[in-house]
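For reference, the chains in residue letters:
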Amino acid sequence: KENQYSKGVKIFQSLYLKAQGKYIAFCEGDDYWIDENKLQLQIDLLESHPEYSASTHNEIVVDVSGNPYSEEYQAIYREKTDRILDKTFIYNFCKVAHTASFVYRSSLYAEMSKDCWNAYFDIKANGDMKMSALFLANGKVYHFARDMACYRFVNSGTDSWSSPVSYTHLTLPTNSRV
């Protein structure tokens, strides 16, 4: 009934602790999935490839009204072919995809120590950037070059995307597990 995030409640942490299952997928309230086979495709991939920590896919970037942005703008967020991403990818691109495309192994967070868990959530970066770093630090990420969701990008007004954020450098841990 009330926006808990605006009250300082750390939504992801509280929801994650309630999540059950081998895999986790996100669809934030302003985004939406458009492929009825999305979850099955991504989970099948993860089931057959234990070396992957997550799978992602292309998304159509839409405005506040749900209208697609220009083809030139879309190209920034979409791959032409399926790709396998490793940790070298993060050094050049900051994130692998938006959260509406993520399906990942729940064990990535379950295996974190309490100190690591707290430090992870204190990092001042968007969730999709932090999660991308976590996924790539713990394995490869398979990216489907298939539109399976719409990501709503709002670039004006008083919304969660309008505040300026600066990312100077993101360092991956040297060990294979976070």
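This one's a predicted model, so the numbers in the text were calculated from it and none came from an experiment.

**Remarks on helix α7 (residues 127-137)**
Side chains three or four residues apart in an α-helix point the same way, a direct result of the helix having 3.6 residues per turn. Counting buried positions over the 11 residues of α7 gives 10, a clear majority of the element. Here α7 has its buried residues at Asp128, Met129, Lys130, Met131, Ser132, Ala133, Leu134, Phe135, Leu136 and Ala137. Directly after α7, the chain includes Gly139, whose backbone phi takes a positive value near 150°.

**Brief notes about the confidence of the model for the protein chain**
Regions with low pLDDT carry predicted coordinates that are not meant to be interpreted in detail. The share of residues in the protein chain with pLDDT of 70 or more is 82%, and the mean pLDDT across the chain is 77. Counting interchain partners and residues more than four positions distant, the pLDDT-below-50 stretch residues 158-178 has 35 contacts.

**Remarks on the side chain of Asn58**
As for its placement among the helices and strands, Asn58 is situated in strand β3 (residues 52-62). For Asn58, a relative accessible area of 3% translates into the label buried. Looking at Asn58, its side chain comes within polar contact range of the side chain of His143, at 2.8 Å.

**What about the nonpolar core?**
Formed by 22 residues in total, the largest nonpolar core has its most connected members in Val96, Tyr104, Tyr109, Met131 and Phe135. Mapped onto this core, the elements with two or more residues apiece are α1 (11-18), α5 (107-110), α6 (114-122) and α7. Sort the elements by how many residues they give to this core and α7 lands first, with 4 residues. If near-sequence neighbours (up to four positions away) are discounted, Val96 is found in contact with Thr56, Leu85, Phe89, Phe102, Ser132, Leu136, Val141 and His143. Judged by nonpolar contacts, the second largest core, of 8 residues, contains Leu46, Val103, Tyr142 and Phe144.

**Some points on helix α2 (residues 38-48)**
Among all positions in α2, only Lys38, Gln42, Leu45 and Leu46 are buried. All buried residues of α2 project into a common sector of 95° when viewed along the axis, lining one side. Buried residues along α2 sit in contact with β1 (23-25), β2 (32-33), β3, β5 (103-105) and β6 (140-152).

**A word on the pairing of β3**
Most of β3 is tucked away: 11 of the 11 residues are buried. By the bridge criterion, 10 bridges tie β3 to β6 in an arrangement that is parallel. By the bridge assignment, Val62 is partnered in β6 with Arg152. Bridging between β3 and β5 involves 2 bridges; their strand directions are antiparallel. Along β5, the bridge assignment pairs Ala54 with Tyr104.

**With respect to the packing of aromatic side chains**
For the structure shown, the criterion picks out 7 aromatic pairs. Both rings, one in Phe26 and one in Tyr104, keep their centres 6.2 Å apart while their planes meet at 20°; by these two values the pair is stacked. You can see Phe26 sitting in the loop between β1 and β2 and its partner Tyr104 sitting in strand β5, a full 78 residues away along the chain. Here the aromatic rings of Tyr52 and Tyr142 are separated by 5.9 Å at their centres, their planes lie at 65°, and the arrangement is edge-to-face. Of this pair, Tyr52 sits in strand β3 while Tyr142 sits in strand β6, and the two are 90 residues apart along the sequence. Each member of the pair, Tyr52 as well as Tyr142, carries the same accessibility label: buried. Joined through ring pairs, the aromatic side chains of Phe26, Phe102, Tyr104 and Phe135 make up one cluster.

Conventions and cut-offs
Residues numbered from 1 in each chain as written. Predicted model: local features only at pLDDT ≥ 70, side-chain atom pairs only at ≥ 80, totals over all residues. Heavy atoms only, no water. Buried < 20%, exposed > 50% of the residue type's maximum accessible area, 1.4 Å probe, protein only. Helix = DSSP H or I, 4+ residues; strand = E, 2+ residues; numbered from the N terminus. pLDDT = per-residue confidence, 0-100. Contact = heavy atoms within 4.5 Å. Polar contact = N/O pair within 3.5 Å; in protein donor to acceptor, adjacent residues only side chain to side chain. Core = buried A, V, L, I, M, F, W, Y, C linked by side-chain atoms within 4.5 Å. Arc of directions from axis to C-beta. Pairing = 2+ DSSP bridges. Phe/Tyr/Trp six-rings, centres within 6.5 Å; stacked < 30°, edge-to-face > 60°.

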